[in-house]
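Here are the chains, one letter per residue:
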Amino acid sequence: MSAPDNIFPMHDQLVTRQERESLASQRAHAYWMCGLSGSGKSTIAKRVERRLFADGHRVIVLDGDNIRSGINSNLGFSTEDRAENIRRVAEVSKLFISAGFIVIVSFISPTQEIRDLARDIIGSDDFSEIYVHATFETCASRDVKGLYAKAIAGEIKNFTGLDSPFDIPSSPLITLDTENQSVDQCAAELTAVIKSTSITR
Ligand code: ADP
């Protein structure tokens, strides 16, 4: 969607993205974690955020807790609403990137199409896909939020992995295997990747 007729974006910013980035010795970037519900995205994202913050970096996690309960509280899980959810998350990510932040996004983002939409909005130089892997059976046995039991009982429709598809990313920056690695190992692996790509000191 293009800007409405009477909106004029200002390009003469007095504080640049580069200045904001250099203040925290980092390059702003969106690390977009996708995977089934319960695969471990938010658990890992929060650990990594803590580690990077402890090292003095500007980092934020965008996930269901702070997005679906607020800016996207009017959206459900139909195909259209999932696309709109991701579009808004991508726009919010872009704002944080312009503020110099490392953004860790934790959303199922089930289809390649939806993740490509996010990449298009954010820009491919500032976007990396992270695949958080655990099988449907493992996620169902974890059933952190009790959603799998409800979905299997037919109480939730359009449940990813059951009656709604999940496309495994074809070329993620990394795959975190949460079935065979601990939370600590996965968090250490993602932290190392972010440090090697986004930390400049
Ligand atoms: P998601 O954000 O993908 O929906 P959550 O992070 O909310 O998933 O839940 C993942 C669950 O799996 C948590 O209860 C977590 O403790 C557990 N878990 C077990 N092993 C791992 C691992 N290696 N990485 C992340 N979470 C794990």
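Our subject is the structure listed above.
Residues numbered from 1 in each chain as written. Predicted model: local features only at pLDDT ≥ 70, side-chain atom pairs only at ≥ 80, totals over all residues. Heavy atoms only, no water.

(A) Broad picture of the overall build of the protein. A count of helical and extended segments in the protein gives 8 helices and 5 strands. N-terminal to C-terminal, the α/β element order of the protein is α-β-α-β-α-α-β-α-β-α-α-β-α. Computed over C-alpha atoms, the radius of gyration of the protein comes to 17 Å, within 12% of the 17 Å expected from 2.2 N^0.38 for 201 residues, which places it in the range of a compact globule. Judged by the C-alpha coordinates and their principal axes, the protein covers about 55 × 45 × 30 Å. Put simply, the protein has 201 residues, and 42% of those count as buried. Long-range contacts, defined here as pairs at least 24 residues apart, represent 76% of the contacts in the protein between residues at least 6 apart. (Helix = DSSP H or I, 4+ residues; strand = E, 2+ residues; numbered from the N terminus. Rg over C-alpha atoms; globule rule 2.2 N^0.38 Å. Buried < 20%, exposed > 50% of the residue type's maximum accessible area, 1.4 Å probe, protein only. Contact = heavy atoms within 4.5 Å.)

(B) Summary view of the nonpolar core. With 20 residues, the main nonpolar core has Met-33, Ile-104, Leu-176 and Leu-190 as its most contacted residues. Breaking this core down by element, the ones donating at least two residues are β1 (29–34), α2 (41–54), β2 (59–63), β3 (102–106), β4 (127–133), β5 (174–177) and α8 (183–198). In terms of residues, this core owes the most to one element, α8, which gives 5 residues. Setting aside its immediate chain neighbours within four residues, Leu-190 contacts Met-33, Ile-44, Val-48, Ile-130, Ile-174 and Leu-176. With 19 residues, the next largest nonpolar core counts Ile-67, Ile-86, Val-89 and Phe-107 among its residues. (Core = buried A, V, L, I, M, F, W, Y, C linked by side-chain atoms within 4.5 Å.)

(C) Just the packing of aromatic side chains, in detail. By the definition in use, this model includes 5 aromatic pairs. Summarising the aromatic geometry, the rings of Phe-136 and Tyr-148 are spaced 5.2 Å apart at their centres and angled 70 degrees between planes, so their arrangement reads as edge-to-face. Taken together, the residues Phe-136 in helix α6 (residues 136–142) and Tyr-148 in helix α7 (residues 147–152) connect sequence positions 12 residues apart. Accessibility assignment for this pair places Phe-136 and Tyr-148 in one class, buried. With a centroid separation of 4.8 Å and 80 degrees between ring planes, the pair formed by Tyr-148 and Phe-159 is classed as edge-to-face. Placement of the pair is Tyr-148 in helix α7 and Phe-159 in the loop between α7 and β5, with a sequence separation of 11 residues. Here Arg-68 stacks its cationic end above the ring of Phe-77, 3.9 Å away from the centre of that ring. (Phe/Tyr/Trp six-rings, centres within 6.5 Å; stacked < 30°, edge-to-face > 60°. Lys NZ or Arg CZ within 6 Å of the ring centre and 35° of its normal.)

(D) Region of the structure containing the side chain of Asp-63. In this fold, Asp-63 is placed in strand β2. Owing to a relative accessible area of 3%, Asp-63 belongs among the buried residues under this scheme. Among the polar contacts listed, one links the side chain of Asp-63 to the side chain of Ser-42, at a separation of 3.5 Å. If we skip the residues at most four places from it in the chain, Asp-63 touches Ser-42, Lys-46, Arg-68, Ser-106 and Phe-107. (Polar contact = N/O pair within 3.5 Å; in protein donor to acceptor, adjacent residues only side chain to side chain.)

(E) Representation of the sheet that holds β3 in the model. The 5 strands are arranged β2-β3-β1-β4-β5 in an open sheet whose pairing can be described as parallel. Looking at the sheet topology across the chains shown, the edges are occupied by β2 and β5. Across the sheet, the mean angle separating the axes of adjacent strands is 20 degrees when strand polarity is ignored. Across the sheet, α2 lies against β1, β2, β3, β4 and β5, angled at about 165 degrees from β2, the strand it touches most. Here α8 sits on the sheet in contact with β1, β3, β4 and β5, set at roughly 165 degrees to β5. (Pairing = 2+ DSSP bridges. Axes fitted to C-alpha atoms, helices over the stretch in contact; angles between N-to-C directions.)

(F) Highlighting the environment of Ser-171. Structurally, Ser-171 can be placed in the loop between α7 and β5. Between the C-alpha atom of Ser-171 and that of Glu-19, which follows or precedes it by 152 residues, the distance is 31 Å.

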